[in-house]
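Each chain, written out:
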Protein chains: 2
Amino acid sequence: MSKWVYLFSAGKTEGTRDMKDLLGGKGANLAEMTSRGLNVPPGFTVTTQACLDYEKSGKKINDEIKSQVKSALAEVEKITNKKFGDQTDPLLFSVRSGARASMPGMMDTVLNLGLNEQTVEGMAKLTGNPRFAWDSYRRFIQMYANVVMGFNISLLESTLEDLKEHVGVHEDTELSAEDLKELSQVYKEIILQESGKVFPNDPVEQLWQSIAAVFRSWNNPRAIKYREINEIPHNWGTAVNVQSMVFGNMGDTCATGVCFTRDPSTGVKRFFGEYLINAQGEDVVAGIRTPAPINNDSKNESNKSMATLEELMPRAFKELVDVYTKLENHYKDMQDIEFTIENDQLFILQTRNGKRTAAAAIKIATDLVVEGILTKDEALMRVKPDDLNQLLHPTLDPQAERKMITTGLPASPGAASGEIVFTSERATELAALGHKVLLVRLETSPEDIAGMVAAQGILTARGGMTSHAAVVARGMGKPCVAGCSSAEVSHSKATLTIAGKIYKEGDFLTLDGGTGEVFEGEVPTKSAEISDDFAKFMSWADARRTLRVRTNADNPRDSKVAVRFGAEGIGLCRAENMFFEPERIMIVREMIFADGTAARKRALDKLLPYQKQDFIDIFKALDGMPVNIRLLDPPLHEFLPHSQDDRVALANHIGVELSVITERAEKLHEFNPMLGHRGCRLGVTYPEIYEMQVQAIVEAGIEAASAGVSVNPEIMIPLIATASELEFLSQRLHAHIDKILQKSGKKFDYKMGTMIELPRAAITAAEIAPHAQFFSFGTNDLTQTTFGLSRDDAGKFLGDYVSKGILPKDPFVSLDQSGVGFLVEHAVKEGRRTNPKIHFGICGEHGGDPASVHFCHKIGLDYVSCSPFRVPIARLAAAQAAITHD
Amino acid sequence: MSKWVYLFSAGKTEGTRDMKDLLGGKGANLAEMTSRGLNVPPGFTVTTQACLDYEKSGKKINDEIKSQVKSALAEVEKITNKKFGDQTDPLLFSVRSGARASMPGMMDTVLNLGLNEQTVEGMAKLTGNPRFAWDSYRRFIQMYANVVMGFNISLLESTLEDLKEHVGVHEDTELSAEDLKELSQVYKEIILQESGKVFPNDPVEQLWQSIAAVFRSWNNPRAIKYREINEIPHNWGTAVNVQSMVFGNMGDTCATGVCFTRDPSTGVKRFFGEYLINAQGEDVVAGIRTPAPINNDSKNESNKSMATLEELMPRAFKELVDVYTKLENHYKDMQDIEFTIENDQLFILQTRNGKRTAAAAIKIATDLVVEGILTKDEALMRVKPDDLNQLLHPTLDPQAERKMITTGLPASPGAASGEIVFTSERATELAALGHKVLLVRLETSPEDIAGMVAAQGILTARGGMTSHAAVVARGMGKPCVAGCSSAEVSHSKATLTIAGKIYKEGDFLTLDGGTGEVFEGEVPTKSAEISDDFAKFMSWADARRTLRVRTNADNPRDSKVAVRFGAEGIGLCRAENMFFEPERIMIVREMIFADGTAARKRALDKLLPYQKQDFIDIFKALDGMPVNIRLLDPPLHEFLPHSQDDRVALANHIGVELSVITERAEKLHEFNPMLGHRGCRLGVTYPEIYEMQVQAIVEAGIEAASAGVSVNPEIMIPLIATASELEFLSQRLHAHIDKILQKSGKKFDYKMGTMIELPRAAITAAEIAPHAQFFSFGTNDLTQTTFGLSRDDAGKFLGDYVSKGILPKDPFVSLDQSGVGFLVEHAVKEGRRTNPKIHFGICGEHGGDPASVHFCHKIGLDYVSCSPFRVPIARLAAAQAAITHD
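Treat the numbers as computed from the prediction; the structure is a model and nothing was measured.

Rules and cut-offs
Residues numbered from 1 in each chain as written. Chains lettered and ligands numbered in written order. Predicted model: local features only at pLDDT ≥ 70, side-chain atom pairs only at ≥ 80, totals over all residues. Heavy atoms only, no water. Helix = DSSP H or I, 4+ residues; strand = E, 2+ residues; numbered from the N terminus. Buried < 20%, exposed > 50% of the residue type's maximum accessible area, 1.4 Å probe, protein only. Contact = heavy atoms within 4.5 Å. Areas by Shrake-Rupley, 256 points an atom, 1.4 Å probe, with all protein chains shown as cover. Salt bridge = Lys/Arg side-chain N within 4 Å of Asp/Glu carboxyl O. Least-squares fit on C-alpha atoms with pLDDT ≥ 70 in both. Expected span 1.5 Å × (residues − 1). Buried area = accessible area lost by both parts, 1.4 Å probe. Polar contact = N/O pair within 3.5 Å; in protein donor to acceptor, adjacent residues only side chain to side chain. Axes fitted to C-alpha atoms, helices over the stretch in contact; angles between N-to-C directions. Left-handed = near helix turned anticlockwise from the far one by under 90°. Nonpolar A, V, L, I, M, F, W, Y, C, P; charged D, E, K, R; others polar. Disulfide = S-S within 2.5 Å.

(A) Quick look at the overall build of chain A. Scanning chain A from terminus to terminus reveals 33 helices and 33 strands. Summarising its shape, the C-alpha atoms of chain A cover approximately 105 × 60 × 50 Å along the three principal directions. Here chain A holds 886 residues, and 59% of them are scored as buried. Nonlocal contacts in chain A, meaning residues at least 24 apart in sequence, comprise 68% of its contacts between residues at least 6 apart. A total accessible area of about 34300 Å² is found for chain A, and carbon and sulfur atoms account for 49% of it.

Shown next, in the form of structure tokens:
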């Protein structure tokens, strides 16, 4: 018999913190906290395995699970001394999802389960608070109808609004017990009428249905979307936590709140949180009411006048401080704690490692090392390399003029400008067209995820620092200003009104998520400041890693940015990218349309000084660090004039008929240019092109060196498929360079090697390696050919593949280790066998992907190379790889 | 010190028949014959290594070689008791090329070397035949000027013609000694005038220059072309045979000839040859005079009235019969022997395994088994599988009406029709445009090779059965009628006149190379008759091979042809190729342009009956043999309407605006369709397409089975990159088939498997194999992705690659064993490891390439599959592989 259900209740707890895979993060922590003597409402966890079993058995909860749930229920009844469904003192439950990884708000929750027409009366009598009882029942119906029955609750919400209007009140809390009792009846009638289903009165039926609904919510669209964004496997399933209810909404001696043991935005060590008097937990998270600060440290512009929990309930607050210290020391990490105070008694409902910004993550990790709680290695493992992304992007230029129009909560740091839009759909649409947009919402909900991904930043009128918008934006590293209460958002009119001025879709605003300020128009931004903590943290990473990190940079500007971010050289300089600059493209076209070798050489002679100057500038920027320059790679037709005007201009420039241009362009057309006449194949058929390029490199190197710059070039021949190609070309290029050097009488050191980007090159690496001083793995192209998948065309179906679970990840983002990785590993092994001195790097986009960096470390590459902004990510990932694998 | 020169002369021979690599075929055989006591004029061979050294040292003959040549020369002077350059009894030499493999006529030869103004007088006195001496000198000047000095000899030839006219004679032989002496002076003057070079008088200079010229001729364009066609490596080099001259042209007791120990056209065991009285060997080969038959067996229509060698020189003939028997028994193969009779004394100048038609090769091999000379295995190794090609092509339909206009020699069997053309260039041009052409020439020369490749057949007015045209055409398996003396060919007017009727370029003729007949217009042809010898030979091959041979056939017609050729099943039926038939393509387009799944299904429902009927017919043709059907593979846009008319028709057909068609077509455009939305990717996104196809297969199978046909289908899912794709699709298709079977209440056996055509599939074969009952290697696509080489685009540079020696062979023709082969072998090993029951085949074009078949045998595939006409080739190659490797 499998064990499907684990109790958590003082003295009878069956789970531990290590059982996250089975109990989910929430369940494991509930067990852990209960074991440690914290005041956690007792309950039980139905395992993630039960969820998978439910899906596998055609959405049925099997009898074994049912029987174990019944036993656990009986146990909880014994401990609480209450009965589920009892008419005088009913036991009520919350039913919550809880996956292995935190997926805040993505799956479903049902509160107050066990209430029905009989038990609600019992609650009313027992608490002497019929208003509370009926409000709880009303909420339960609404939540259950939504979550379990899939009922569209806008009908219920509008009935509530009608009732308030009818009674003449503004707030839900002003409705009387009688109003709410009547409302619950109306709710049930509407549900019956609209769905044809009777709202269930039997608590046991409610329980089974709710557990099943939570299981099903694992596969709701927004959860799937969230898992895709956060790379969480679809086959984990969620656990279900059935926990006895405590009530933060039984009156003014009750409260509910969320707190962090350190500031999740900055990482500063201060206890920090929000709470609501007389409310249930959902009210804080949903951001419907603006919550109050738990202490002075938690005050901000919009809540500074509200009373703190410390002031109102000092005993419970003191207890909470005790709890948080205990929990942080126990978990050795910043905790995000949910609590409820029922009649002055503190209950801990949940603790977890708190989500944080990247800056906070670094601050917390470095502080914990200083505090002696973590080792440096542990600290390095605490920061997700990808999260550094958000530290490296621009902030507002402090010198720039700006017109601030309002402020909200500084919910997620960073600066962003864009056209405002009012729906997630519109955000996605416009972003797809290349617009920069800001998503403006009254408040966000999990349905808005796609729009938030598409937007540059998020502005909400409601909600606090722990609202949905704030939490999700921080996770994404997107700027967010939340709870901007002076802003009026009308979704129906699609307007944002601030201080009487109306902003419509398409108007530009700028947000500063670090200050909560909102500006009119586009405010210029400046590069990210690198904090001392960040520098310290990265220096630990650099000391720990063995893999070197280079950058892919095609021009002096990008090279400089990358060096500032810690790049140790250029892993890929695509020499031809400089061909596209306006004054050069005409010469490039002249070269392509040249009639014979002599004419082609004349055009190349004109290009030479440009290429040479580029290389001089890059050598200067890198001063002694290796610079890997790839010779011409793309098919020539990429450089062709596409518009009629460009064709006419070219015809005039080289003095031929337009028809000559058209004809030649047609001749250059290829069915599959990716597999066509490109790379070293051009070098074989037009040797003069590569000769010009190496001449530019050599002459630039000599000139830079004579100006005192240290020069370390690597010449890379692309798209090699056979050893004989490389032998043929490298012999000729070495000879050409010798001739140049002989003429100049100078000496010049350089390396020559090749890009391994075709399966055949990887397979026959042993034959190729003796002709190369280095291999650089071009894993973008290698992925294309290994998968037979064109990056330009894959968009049509790759999404389908990932969402249907056929591919775990986009192989262009994260290196496919069993396919492409096999070839890379094979080439390293075979290449080293026949040329022990050869060195290895990777220059595909994968060089900046942490999982791929781990792989590169494991198979013994010398360096990875990635885009400038990903250099710090690769540095940290390389350190983590060394910690993990060595 | 290396040995660069090998003597052959009675008692002093340094080479043996096993030294072909070093001495070339001719040199090795000269050594062998000399050792065996045959009367071979003494001489020496300069090795192939010397040729390579000559190229490597910048076209210089090194001093070591020169000194060894001088020693060998002295030795030959001693044996012959003559002196090179002696003014009274000069030693003369022939200087001939001789590569490892026979390349008839491709490289250069110089005869009569050693003649000059002084020695020619000595020769005249010594022989008492000044006409002979001056004719020899005149010939030498002409040959040397052409071969060594690169002089355009048409000027010399026209001078000869002018002289004949002036003197009033028709034949060269009618010119007097004085005429020829004067001619030699005029020749030398013309050469000086036109080239500015003095014709060398020093025999030693003549020798070095001639040896160097032969070395260089290894890399003349026609030799390179010949090697490409015959897959001879470019790095072998040629040896040079320097042999003392004997003279067939010293008078009427002299002759020269070529003979075969068996008939090279039919293989029949009869001694067979041609000779010319008072001539040099070149005269026979060049086909300038029509030669006489050596015996009655060698008579044909055009030479039956001429005296035979047997009649004219019975003693020499008897000796020749002795020699040929000795040589055939020694070499155990049909020999091609060159001989010269000098004053009634027989000299053997060369012997080699004779070139032969495929029919003759089979006849000779089977006869030699019957005669007890060869084992069956030896016989099977004697026929080049590719040569079977010529046996399998059509002959003239005996029932068809025809108008014979003339006959020539039946020089190379087979029937061909086409538009006549008069130059090699024109043949190449028109063939490239898709025309079928016949090349008509007065006689052919090695310069015509390209045109002969391009033509369907060859017709010449001059030359015998061993003329250039005849030998080369037989090698190519092209029909050829040679020596058609009643035909007048004017190259300048580009006309062919037969019996007064003038035929011009573009007029159709038909040749029967088996009978020598020429017909007006296009005569219908019929399929090749399979001879008893062929059947016997192939039955030995079938008994010997372990690899099975299937065919690639998309329709019942091709299937039937293949079965007749011995196919044991279909290895690849591209189900979608049937989509292109006129009545279907509109439905296919309707399917592609369908707006949503329902509309797509409606179109597919209309396609279903067509697909089903195709499969029924194919099952019937194969009756029980396996039929491997590949589901839809190419990108959908291949089926799009390309012309405006087609688009309008489609818009009307499905009732939408033309713009809808245009838009959808644009949306379907892909940058690299080969790497795009195709193969199983279509199956994932549009499951209904594959469902229709499997339904057609299953229903066809059931229907055929109920008609008593045995059915053995294999369903193949193409373009799998990951195991999960195959798992996803095969599960769904199995389920779909189960549903169909459940409904029909019938049982149906089938296999399901996949095509391995992407590197990733091969690499991860261990993961894929458990989901497949078979792997079929699609080596065409696998070659494309492994090399990163589009078959459609590679034409622009692949030729360059092969000719520059960067690629040894076109990898689309012969499997690249170290790259693509590595993947295939890896997949076989890994696939078998995780699924021991799986079976393996190959279905790329390589399945019909003998070298690739060897590879497939070696790595343990179960079958190869190739186009119908290559099935016998694959069967023989498979037998040879078994003999070689087991």
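(B) Just the pattern of salt bridges, in detail. Residues and elements named next belong to chain A. A complete count under the given rule lists 101 salt bridges over all chains for this structure. For Lys606, the salt bridge is made with Glu590, and the minimal N-O distance between the two is 2.9 Å. Of this pair, Lys606 sits in helix α21 (residues 597-622) while Glu590 sits in helix α20 (residues 582-592); the two residues are 16 residues apart in sequence, bridging distant segments of the chain. Its relative accessible area of 40% is what places Lys606 among the partly exposed residues. Put simply, Asp542, Arg545, Arg548, Glu568 and Arg875 are held in one network by salt bridges that share partners.

(C) Examining the relation of the copies chain B and chain A more closely. Between chain B and chain A, which share one sequence, the superposing operator has a rotation angle of 179° and an axial displacement of 0.4 Å; the RMSD is 0.4 Å. Viewed as a symmetry operation, the transformation between the two copies matches a two-fold axis. Distance from the rotation axis, computed per C-alpha, reaches its smallest value in chain B at B:Asn672: 2.1 Å. Taken together, the interface assignments show that 100% of the residues at the interface of chain B recur at the interface of chain A, consistent with an identical surface on both copies.

(D) Quick peek at helix α7 (residues 177-195) of chain A. Residue and element names in this part refer to chain A. Relative to the 27 Å expected for 19 residues at 1.5 Å per residue, α7 spans 27 Å between its end C-alpha atoms, a close match to the ideal helical length. Taken together, the buried positions of α7 are occupied by Ala177, Asp179, Leu180, Leu183, Ser184, Tyr187, Lys188, Ile190 and Ile191. Just past α7, the residue Gly196 takes up positive phi, approximately 75°.

(E) Here's a closer look at the interface of chain B and chain A. Facing 48 residues of chain B, the contacting portion of chain A comprises 48 residues. Contact between chain B and chain A buries roughly 4200 Å² in total, counting both sides, with carbon and sulfur atoms accounting for 61%. Our count for the chain B to chain A interface comes out at two salt bridges. The closest approach of N and O atoms between B:Asp816 and A:Arg760, which form a salt bridge, is 2.7 Å. Run the count over chain B and chain A and you get 24 residue pairs in polar contact (both at pLDDT 80 or more). Contributing elements (two or more residues each) for the side of chain B that touches chain A: α23 (658-668), α24 (680-685), α26 (723-744), α27 (759-763), α29 (779-787), α30 (795-803) and α31 (820-834) of chain B.

(F) Broad picture of the packing of helix α6 (residues 154-167) of chain A against α7(A). Residues and elements named next belong to chain A. The contact between α6 and α7 brings their axes to 10 Å, and the two run at 145°. Crossing of α6 over α7 shows right-handed handedness. On α7, the residues touching Leu155, Leu156, Thr159, Leu160, Leu163 and Val167 of α6 are Asp179, Leu183, Val186, Tyr187, Ile190, Ile191 and Glu194. Within the contact of α6 with α7, the residues separate by chemical class into ten nonpolar, one polar and two charged.

(G) Highlighting the state of the cysteines. According to the stated counting rule, one finds zero disulfides over all chains in the structure shown. Free of any disulfide, A:Cys573 has its nearest neighbouring cysteine sulfur in A:Cys843, separated by 12 Å. No disulfide involves B:Cys856; its nearest neighbouring cysteine sulfur is the one of B:Cys866, lying 10 Å away. Look at B:Cys856 and you get buried, because its relative accessible area is 1%.

The quantities given are spatial measurements derived from coordinates; they are silent on function.
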